[in-house]
Structures are given as structure tokens and as C-alpha cells.
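Chain and residue survey
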Amino acid sequence: GVLSTDVGREGKMEGIERASVARVIEACPHPAWISGGVTTMDELDYLGKQGAAGAVLGMALYTETLDPAMVAPKWGGRATPKDAHDSGTDIRSTDDTGTQENR
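Residues numbered from 1 in each chain as written. Predicted model: local features only at pLDDT ≥ 70, side-chain atom pairs only at ≥ 80, totals over all residues. Heavy atoms only, no water.

Bringing the overall build of the chain into the picture now. Of the regular secondary structure elements, the chain holds four helices and three strands. A total of 103 residues make up the chain; the buried ones form 39% of that total. Summarising the internal contacts of the chain: among those between residues at least 6 apart in sequence, 58% fall at separations of at least 24. Here the chain displays about 5900 Å² of accessible surface, and carbon together with sulfur accounts for 49% of that area. (Helix = DSSP H or I, 4+ residues; strand = E, 2+ residues; numbered from the N terminus. Buried < 20%, exposed > 50% of the residue type's maximum accessible area, 1.4 Å probe, protein only. Contact = heavy atoms within 4.5 Å. Areas by Shrake-Rupley, 256 points an atom, 1.4 Å probe, with all protein chains shown as cover.)

The structure is reproduced here in C-alpha cells:
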């Protein structure tokens, strides 16, 4: 897969740039992981609907803006490429070192 990071939003807790994210996911022939600004459950829903293979949740978990206990039941499964599903994507959370959070 491919990790696409919006370095202008990374760590700022300002949310994702939805139009840019949608273009990346659509254009990428590989599973796309999105990073940089992912802050809310609504954004995770959006990423799933767009076909993201996953999302990196750094500051949102560190600052407890997102609760791992709320995120894990919905997105804590194995990531699935965008073309291998029809009703959303399982999104795994990772810390800044790339380690999967299993809380």
C-alpha cells in the first residue's frame, strides 16, 4: 500500500482536507493509508466510504480526542483494499512509530 501524509496538517488536529484525500484514494492503484489531520470519527467514516485502506491516528489518540475504545470496535480489524469491499473499509489505528494500537 501507499501512505499519503498531509504534512501541513500533521499534528495540528485541524482535520483532513477531504477533497485532496478523495483524489489520492481515487488515483492510487494501491491501497492508500491516510495520515495528517485525522481527528474525528466523522473523518474516519469519510475515509472508509472513500475506500481508504487505513489511517494513521497520532495526535488524535495521544490527546484523547479519539477514544481507542470507540475506534477499535468499528475500525480495528484487518485493512482491506478499496476494491475488495463494497460497504466501507476496516481502518487500523497506528501510533507515530507505525505500531498498530490494539487497545
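Having seen the model, we can carry on.
Taken as a whole and judged by the stated rule, the model has zero aromatic pairs. One cation-aromatic arrangement involves Arg-18 over Tyr-46; the distance from NZ or CZ to the ring centre is 4.6 Å. (Phe/Tyr/Trp six-rings, centres within 6.5 Å; stacked < 30°, edge-to-face > 60°. Lys NZ or Arg CZ within 6 Å of the ring centre and 35° of its normal.)

Glancing now at unusual backbone geometry. Positioned with a positive phi, Met-13 is a non-glycine residue whose angle comes to about 60 degrees. Counting through the fold element by element, Met-13 comes out in the loop between β1 (2-5) and α1 (18-27). The phi angle at Glu-64 is positive, at roughly 65 degrees, despite the residue not being glycine. Topologically, Glu-64 is positioned in the loop between α3 (59-62) and α4 (68-75).

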